[in-house]
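Single-letter residue listing:
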Amino acid sequence: AQSVTQLDSQVPVFEEAPVELRCNYSSSVSVYLFWYVQYPNQGLQLLLKYLSGSTLVKGINGFEAEFNKSQTSFHLRKPSVHISDTAEYFCAVSDVGSNYKLTFGKGTLLTVNP
Amino acid sequence: DVKVTQSSRYLVKRTGEKVFLECVQDMDHENMFWYRQDPGLGLRLIYFSYDVKMKEKGDIPEGYSVSREKKERFSLILESASTNQTSMYLCASGDTQYFGPGTRLTVL
């Protein structure tokens with residue numbers, strides 16, 4: 001069975017600082033990996049995804065993530081955050097061939113302070 | 001742009017009522033999903049459907065059923081609502097999952 005661990009439930013940072021949100025997964029088969037963002041009182045929005053190919057994936061809003069198969073990780077990074085990046089971020093995994101059925105982590109609340 | 005709409009943003013029901021949550025997508029997606037989101041637990045999959053009249057149980061299907069009579073519409077049904085079903089319900093559509101805005105259901 002799959003599982004996703006987001007190692008930090010809350011990450012406070014100052015504006016313009018770099019940030020890394022950590023995600024580890026477990027699965028016995030090949031996977032697809034996703035990061036979603038949820039702003040207050042909204043649904044989730046896809047930030048980026050890894051399906052195959054280059055392990056460095058670039059997404060919207062200046063975010064990127066790197067798939068590391070040996071460490072079963074898919075950490076999300078941004079070199080300089082803005083106040084508007086304050087939101088909850090979810091990592092998710094899907095086994096290849098599972099009709100894109102996702103298992104989500106419990107989320108990381110990123111708070112960007114001025 | 002893909003649009004996923006949910007019938008209500010906020011809903012208040014009483015224990016024992018039958019509750020219908022509806023989700024409609026406009027992109028001819030085969031896959032549709034229903035999740036519930038609770039603080040500290042993230043999103044948990046209730047049911048999903050990969051075609052009309054096809055459905056599969058997710059991780060927490062107990063107390064729920066679903067209906068998919070048309071490709072664009074996926075309904076979540078609470079046969080007899082209970083207080084522990086108070087939650088945010090999110091519908092998603094497509095392979096990489098476009099989400100609706102959510103329905104916050106309160107069961108009194």
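Reference entry: report on the structure contained in this document. (Residues numbered from 1 in each chain as written. Chains lettered and ligands numbered in written order. Predicted model: local features only at pLDDT ≥ 70, side-chain atom pairs only at ≥ 80, totals over all residues. Heavy atoms only, no water.)

### Quick notes on the overall build of chain B
Along the backbone of chain B there are zero helices and 11 strands. The secondary structure elements of chain B, listed N-terminal to C-terminal, are β-β-β-β-β-β-β-β-β-β-β. Structurally, chain B occupies a C-alpha span of about 35 × 25 × 25 Å along its principal axes. Looking at chain B residue by residue over its 108 residues, the buried ones come to 49%. Restricting to contacts in chain B with at least 6 residues of sequence separation, those with at least 24 account for 54%. Total accessible area on chain B is roughly 5200 Å²; 48% of this is exposed by carbon and sulfur atoms. The positive charge centre, built from 15 side chains, and the negative charge centre, built from 15, are 7 Å apart in chain B. (Helix = DSSP H or I, 4+ residues; strand = E, 2+ residues; numbered from the N terminus. Buried < 20%, exposed > 50% of the residue type's maximum accessible area, 1.4 Å probe, protein only. Contact = heavy atoms within 4.5 Å. Areas by Shrake-Rupley, 256 points an atom, 1.4 Å probe, with all protein chains shown as cover. Lys, Arg positive; Asp, Glu negative; His and termini not counted. Charge placed at Lys NZ, Arg CZ, Asp CG, Glu CD.)

### Topic: the overall build of chain A
A count of helices and strands for chain A gives zero helices and 12 strands. Scaling as 2.2 N^0.38, a compact globule of 114 residues should have a C-alpha radius of gyration of about 13 Å, and chain A matches this with 14 Å. Out of the 114 residues in chain A, the part that is buried amounts to 44%. Restricting to contacts in chain A with at least 6 residues of sequence separation, those with at least 24 account for 56%. Here chain A has roughly 5500 Å² of accessible surface; of this, 50% comes from carbon and sulfur atoms. (Rg over C-alpha atoms; globule rule 2.2 N^0.38 Å.)

### Remarks on the state of the cysteines
Residues and elements named next belong to chain A. Counted under the stated rule, the structure contains two disulfides over all chains. Across a sulfur-sulfur distance of 2.0 Å, Cys 23 and Cys 91 are joined as a disulfide pair. Judged by the sign of its S-S torsion, about -65°, the bond between Cys 23 and Cys 91 is left-handed. Of this pair, Cys 23 sits in strand E4 (residues 23-26) while Cys 91 sits in strand E10 (residues 87-95), and the two are 68 residues apart along the sequence. (Disulfide = S-S within 2.5 Å.)

### Things to note about the interface of chain B and chain A
Interfaces are often described in size by the accessible area the parts lose on coming together. Tallying the contact residues gives 20 residues for chain B and 17 residues for chain A. For the pair chain B and chain A, the summed buried area comes to about 1600 Å², and 55% of that belongs to carbon and sulfur atoms. It is Leu43(B), Thr96(B) and Phe99(B) that lose the most area in chain B upon contact with chain A, and together they represent 29% of the buried surface on that side. Summed over the shared surface of chain B and chain A, the number is zero salt bridges. The tally of links between chain B and chain A comes to two residue pairs in polar contact (both at pLDDT 80 or more). Sorting the residues of the side of chain B that touches chain A by element identifies strand E4 (32-38) and strand E5 (42-51) of chain B as the ones contributing at least two each. In terms of residues, the side of chain B that touches chain A owes the most to one element, E5(B), which gives five residues. (Buried area = accessible area lost by both parts, 1.4 Å probe. Salt bridge = Lys/Arg side-chain N within 4 Å of Asp/Glu carboxyl O. Polar contact = N/O pair within 3.5 Å; in protein donor to acceptor, adjacent residues only side chain to side chain.)

### Brief notes about the layout of surface pockets
To find leftover empty space, a probe the size of one water molecule is rolled over the atoms. There is about 340 Å³ of room inside the second largest pocket. Contributing to the lining of the second largest pocket are 20 residues, with Gln38(A), Glu88(A), Phe90(A), Gln37(B) and Arg104(B) lying nearest its centre. Mapped by element, the contributors of at least two residues to the lining of the second largest pocket are E10 of chain A together with E4 and strand E9 (87-93) of chain B. Taken together, the residues of the lining of the second largest pocket break down into seven nonpolar, nine polar and four charged. (1 Å grid on protein atoms, 1.4 Å probe; cavity = no way out; pocket = protein on both sides within 12 Å on 5 of 7 lines; lining within 4 Å. Points joined across faces, edges and corners; volume = space filled by probe spheres on them. Nonpolar A, V, L, I, M, F, W, Y, C, P; charged D, E, K, R; others polar.)

### Some details on empty space enclosed by the protein
Within this structure, the stated rule accounts for one cavity of 30 Å³ or more. By volume, the largest cavity is sized at about 40 Å³. Together, Asn41(A), Arg9(B), Tyr10(B), Met88(B) and Arg104(B) line the largest cavity. A breakdown of the residues in the lining of the largest cavity according to their chemical character gives two nonpolar, one polar and two charged.

### Describing the sheet that holds strand E3 (residues 19-25) of chain B
Residues and elements named next belong to chain B. Spatially, the four strands line up as an open sheet ordered E1-E3-E8-E7, and their pairing is antiparallel. Whereas interior strands pair on both sides, the edge strands pair on one side only; in this sheet they are strand E1 (4-6) and strand E7 (65-70). Along the sheet, successive strands turn relative to each other by an average axial angle of 20°, direction set aside. Inspection of the sheet shows E1 paired to E3 by three bridges, in the antiparallel sense. Bridge pairing links Thr 5 to Val 24 in E3. (Pairing = 2+ DSSP bridges. Axes fitted to C-alpha atoms, helices over the stretch in contact; angles between N-to-C directions.)

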